[in-house]
Amino acid sequence: MAAPIKKTVELFYDVVSPYSWFAFEVLCRYENIWNLDLKMKPFFLGGIMKAAGNTPPAMVPNRGQYMRKDLQRLAKYFNVPLNEPKDPAEMMFVKGSLKTQRFITAVDMKLPSKTRDVTREMWHRNWSRAGLKAGLTEEQIATFLQDMSDSRVKDRLKQYTEEALGYKAFGSPTIMAHVDGNGKPELVFGSDRFPVLAQLLGKEWLGPTPPGESKL
Ligand SMILES: N[C@@H](CCC(=O)N[C@@H](CS)C(=O)NCC(=O)O)C(=O)O
């Protein structure tokens, strides 16, 4: 019997976005269970926001306050060790994520087997107080730091950002589900739409931590 065809799911993400961390972990947990061809697509949320005419949700003060509570609850729900950073505004709006996303892109272009570990490490740096090491050598780190200013790396980050805009993305996480192979993938926004994503894929949603999957 032929192996069932894998459905492609693309995750467009930026590690500045805490909600995208939840989506990233859940998709990794479901990759085998849902028989997915899961493609990680680091993009630049600042570019998406600007081009889509959107603004970060926390700019509405009451919503910003709600989000702090929401993220605490969701960290528990998703079993992801997210902790609010000391100064979220400085991390998100002053430091920003362009350099980090370029670093992840540089890794993805040369050493894709490390993309997920490095991405996770960056989320730990931004959104957790617990450290994590992705297991890169000093030499590899030096190479990727250098690659960050290479135009090919900058262009690849732009390319994924433009690809997402082409799909009409307006935020992160943006999940593209290629459900019927007709070249018309479905856009799903947010880490709160997994039951709907499951339905689109014709699969079962077994909660944020499906049986047999490690928490992180
Ligand atoms: N309801 C979504 C919210 C995700 C979200 O707020 N993402 C932010 C970045 S952290 C964003 O891009 N928001 C754009 C928007 O809400 O229009 C979820 O639970 O994942």
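Each remark here, short or long, concerns the structure printed above.
Residues numbered from 1 in each chain as written. Predicted model: local features only at pLDDT ≥ 70, side-chain atom pairs only at ≥ 80, totals over all residues. Heavy atoms only, no water.

Asks: Explanation requested: the sheet that holds strand β2 (residues 36-42) in the structure shown.
Replies: Within a beta sheet, neighbouring strands are joined by backbone hydrogen bonds and run either parallel or antiparallel to one another. Here 4 strands make up an open sheet; going across it, the order is β2-β1-β3-β4 and the pairing mixed. Of all strands in the sheet, those with a lone pairing partner are β2 and β4 (186-189), marking the two edges. Here the strands of the sheet are splayed against their neighbours by 20° on average, with no regard to which way each runs. Bridging between strand β1 (residues 7-13) and β2 involves 7 bridges; their strand directions are parallel. Directly across from F12, in β2, lies its bridge partner K41. Across the sheet, helix α1 (residues 18-30) lies against β1, β2 and β3 (174-178), angled at about 155° from β2, the strand it touches most. Contacts from helix α8 (residues 151-166) reach β1 and β2 within the one sheet, and its direction differs from that of β2 by about 115°. (Pairing = 2+ DSSP bridges. Helix = DSSP H or I, 4+ residues; strand = E, 2+ residues; numbered from the N terminus. Axes fitted to C-alpha atoms, helices over the stretch in contact; angles between N-to-C directions. Contact = heavy atoms within 4.5 Å.)

Asks: What exactly am I supposed to notice about helix α3 (residues 61-78) here?
Replies: In an α-helix there are 3.6 residues to a turn, and that puts residues three or four apart on one side. A rise of 1.5 Å per residue sets the reference length of α3, with its 18 residues, at 26 Å; its end C-alpha atoms lie 25 Å apart and thus fit the reference within 8%. G64, M67, D70, L71, L74, A75 and F78 are the residues of α3 that are buried. On its buried face, α3 sits against α1 and α6 (115-127). One or two positions beyond α3, positive phi appears at N79, with a value near 55°. (Expected span 1.5 Å × (residues − 1). Buried < 20%, exposed > 50% of the residue type's maximum accessible area, 1.4 Å probe, protein only.)

Asks: How should the pairing of β3 be read in this particular structure?
Replies: Within a regular strand, the side chains alternate between the two sheet faces. Most of β3 sits inside the fold, with 4 of its 5 residues counted as buried. For β1 and β3, the ladder comprises 5 bridges, and the chain directions are antiparallel. The residue bridging L11 from the neighbouring strand is I175, located in β3. Sheet analysis places β3 next to β4, joined by 4 bridges and oriented antiparallel. Bridge pairing links T174 to F189 in β4.

Asks: Is there a simple way to explain the site of the ligand in this structure?
Replies: The ligand sits among 14 residues. The nearest are S17, N54, S172, S191 and D192. Within the backbone of S191, an N or O atom sits 2.7 Å from an oxygen atom of the ligand. In the environment of the ligand, a nitrogen atom lies 2.8 Å from a nitrogen or oxygen atom belonging to the side chain of D192. Protein chains bury 84% of the 500 Å² of accessible surface belonging to the ligand in isolation. Those elements giving two or more residues to the shell around the ligand turn out to be α1 and α2 (45-52). A class-by-class count of the residues in the shell around the ligand yields 7 nonpolar, 6 polar and 1 charged. (Near = heavy atom within 4 Å. Polar contact = N/O pair within 3.5 Å; in protein donor to acceptor, adjacent residues only side chain to side chain. Areas by Shrake-Rupley, 256 points an atom, 1.4 Å probe, with all protein chains shown as cover. Nonpolar A, V, L, I, M, F, W, Y, C, P; charged D, E, K, R; others polar.)

Asks: What is the right way to look at the pattern of salt bridges in this model?
Replies: Scanning the entire structure with this criterion turns up 15 salt bridges. Linking E163 and K41 is a salt bridge whose minimum nitrogen-to-oxygen distance equals 2.7 Å. One end of the pair, E163, is in helix α8; the other, K41, is in strand β2, and 122 residues separate them in sequence. Residue class for E163 comes out partly exposed when judged on its relative accessible area of 25%. With a closest N to O distance of 3.0 Å, E84 and R68 form a salt bridge. Taken as a pair, E84 in the loop between α3 and α4 (88-95) and R68 in helix α3 lie far apart in primary sequence, 16 residues in all. What makes E84 partly exposed here is its relative accessible area of 25%. A relative accessible area of 48% places R68 in the partly exposed class. Residues joined by salt bridges that share partners form a network here, namely E25, K114, D117 and R120. (Salt bridge = Lys/Arg side-chain N within 4 Å of Asp/Glu carboxyl O.)

Asks: Any chance you could explain the packing of α2 against α8 here in plain terms?
Replies: In a packed pair of helices, the relevant descriptors are the angle between the two axes and the axis-to-axis distance. Relative orientation of the contacting elements α2 and α8 amounts to 40°, with a least axis distance of 9 Å. As summarised for this structure, α2 and α8 are arranged oblique, according to the angle between their axes. The handedness of the crossing between α2 and α8 is right-handed. Packed against α2, whose contacting residues are G47, I48, A51 and A52, the element α8 presents T161, A164 and L165 at the interface. (Parallel < 35°, antiparallel > 145°, perpendicular 65-115°, else oblique. Left-handed = near helix turned anticlockwise from the far one by under 90°.)

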